[in-house]
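Secondary and tertiary structure notes
Here's the letter readout for the chains.
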Amino acid sequence: MPDFALPQFSRRCFPIWQRHARVWLKLSGPSLVGNFGEPLLYLLALGYGLGGFIGEVDGLPYIVFLSTGIICSSAMNTATFECLYSTYTRMKVQETWAAMMAAPLSLDDIVLGEVLWAGTKSLISASAILLVASLLGLVSGWQALGVLPMAFLLGCCFGAMALVVTAISPSYDFFLYYFTLVITPMFLLSGVFFPLESVPAWVQSGIQLLPLYHIVEVVRPLMTGRPLAGVVGHLLVPIAYGLAAIWLALALLRRRLLI
Amino acid sequence: MTDFVVSARQLRKVYGDQAVVDGVDLNIESGQCFGLLGPNGAGKTTTLRMLLGLTPPDGGVLNVLGYEVPRQARQMHARMGLVPQADNLDPDFSVSQNLRTYARYFGITKAEFETRLPQLLAFASLEHKADAGIATLSGGMQRRLTMARALVNDPELVVLDEPTTGLDPQARQLIWRRLRELLAQGKSLILTTHYMDEAERLCDRLAIMDHGRILVEGSPAELIQKHIEPQVIEVYGPGVEQWGVDLGRNLTQRLEQVGETLFCYADDEQEALASLRQYPQLQFIHRRANLEDVFLKLTGKELRDA
């Protein structure tokens, strides 16, 4: 039976976050190329290429519509990769976690450190894309900076969700299930590439139960200068997913590691 | 009153229907080196994990450095250092970055750490490698760095899980010297090892475990004196079985055949040696009984693959 005690949050997660940040700084070259490069290619190829055929979507030039979605999906992917592959490496391969647990750090601290670091990586990724989008003239004003805290929240939420998968993974291969069954459908259907209204009503209802759609709904008006609506409701969904995922991941990790 | 770094009563851990640790009592005195020995699958690792607060016991009472474990494991960890079996250094960091990062986990301030860093590097004999990457270090260097890392918080108790496994003889000698230095500083050590010479050399007291229980506990000299005849002759060569049956069993207290070698245990070895000199085809070595003889007698000589 897993131990479902509530997580104990404390400042002790900060040195863990700091450790991850320092490793990232050492290896930031290739990581930044990925952060800038891939979304930029999507934007240019799909935005200008496909955009020429499509024209306007939802009252916006297609490349503008797409950039507001890509910034969210990239943040989601960054956090998901971090808390699947990198976290699994730290937990199982390098045994970084074992070293931490011999210090006065608990699994609760470690999990919170991972989640905050996933949020930070999403923030870095979103900053890169926002910069590119501004340079391409796709952003309407300073309120677009509000995208950054959204990216952080989204990163924490998807990082925590990925931790649940990592907690039960026997190997790296297992992650493909999660990508194929959860992340890719969300990526394709949450209003990143086309408005949610284009899919059947039952699919819409399903997508509205998932976190990515709600962040896109907040980020799009922030980047295009449109009025914000229903922000609290939109934010509650990723917050709820994130907290529930932290709780579940911690219970599963206790069962896996503290035996 | 004696000061105990560990006191465990009726410690128990059950996986499925198998009691991996089955009623272990331990009292480990402060300032000593205590060895936990046993064949693979004896329950050493599980016992150690329980002492570290990483495995919750299914029964018993456990106190480490005055803290109730696992409930107060965090406070206990602040005063303890662990050298794990497999080095888990951060491969992306240099030697000094590894130490610095680990010090932060203990909430040690930058100033405090910087004053300690030269001592830690000297302890690891890595003064000239402070900025080297982990991948460039030899196995012995990595092990010494892992030991130095366990000392960032100036712990009272250091737990070492097979500290010299896989190291060459020179590297082992240096580790032994460092462990003696730690004892001289008044620290308490708990170590597991598969090397009986290491245990005999380093440990003030030790316990031999098998099947989840402690079989015997005492100082190496006590255990040798109590559990085994003082003299051993190892005999091999053609006709060794015949010599054993005809003469050996009457001239010594106890015989054991392991592979092609006959182990003869005796209080007085002279008569057996005199007899063996009559058989030039037999090779023999006479030596004093050691901890390995005790270990093999108590835990059996068959191979453990568990």
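First, a word on what this report is: a plain description of the structure on this page. Bear in mind that the values here come from a model prediction, so they are computed numbers and not experimental data. (Residues numbered from 1 in each chain as written. Chains lettered and ligands numbered in written order. Predicted model: local features only at pLDDT ≥ 70, side-chain atom pairs only at ≥ 80, totals over all residues.)

So, about the overall build of chain A. A count of helices and strands for chain A gives 10 helices and two strands. Ordered by position from the N terminus, the helices and strands of chain A form the series α-α-β-β-α-α-α-α-α-α-α-α. A compact globule built from 259 residues should have a C-alpha radius of gyration of about 18 Å, and chain A, at 19 Å, falls within 12% of that. Dimensions of chain A, computed from the C-alpha atoms along their principal axes, are close to 60 × 40 × 35 Å. Counting across all 259 residues of chain A, residues that qualify as buried make up 48%. In chain A, 80% of the contacts between residues at least 6 apart in sequence involve partners at least 24 apart. (Helix = DSSP H or I, 4+ residues; strand = E, 2+ residues; numbered from the N terminus. Rg over C-alpha atoms; globule rule 2.2 N^0.38 Å. Buried ≥ 20, exposed ≤ 12 C-beta atoms within 10 Å, placed from the backbone. Contact = placed C-beta atoms within 7 Å.)

The next subject is the interface of chain B and chain A. Across the boundary between the two partners, chain B contributes 19 residues, which contact 20 residues of chain A. Among the secondary structure elements, those contributing two or more residues to the side of chain B that touches chain A are helix H2 (73-77) and helix H3 (95-105) of chain B. For the side of chain B that touches chain A, the element with the highest residue contribution is H3 of chain B, accounting for four residues. The class makeup of the residues in the side of chain B that touches chain A is 11 nonpolar, four polar and four charged. (Nonpolar A, V, L, I, M, F, W, Y, C, P; charged D, E, K, R; others polar.)

If you look at the biggest cluster of nonpolar residues, it comprises 144 residues, and the most contacted ones within it are Cys72, Val111, Val147, Leu154, Val219 and Ala249 of chain A. One finds Ile233, Trp243, Leu251 and Leu262 of chain B within the second-largest nonpolar core, a separate group that totals 11 residues. (Core = buried A, V, L, I, M, F, W, Y, C linked by C-beta atoms within 7 Å.)

Moving on, we get to the packing of helix H3 (residues 62-93) of chain A against helix H5 (residues 107-135) of chain A. Residues and elements named next belong to chain A. Their axes nearest at 8 Å, the elements H3 and H5 cross at an angle of 145 degrees. The way H3 lies across H5 gives a crossing that is right-handed. Across the interface between the two elements, Ser67, Ile70, Ile71, Ser74, Ala75, Thr78, Ala79, Glu82, Cys83 and Thr87 from H3 touch Glu114, Trp117, Ala118, Gly119, Lys121, Ser122, Ser125, Ala126, Ile129, Leu130 and Ala133 from H5. Here the contact of H3 with H5 is composed, by residue class, of 11 nonpolar, seven polar and three charged. (Axes fitted to C-alpha atoms, helices over the stretch in contact; angles between N-to-C directions. Left-handed = near helix turned anticlockwise from the far one by under 90°.)

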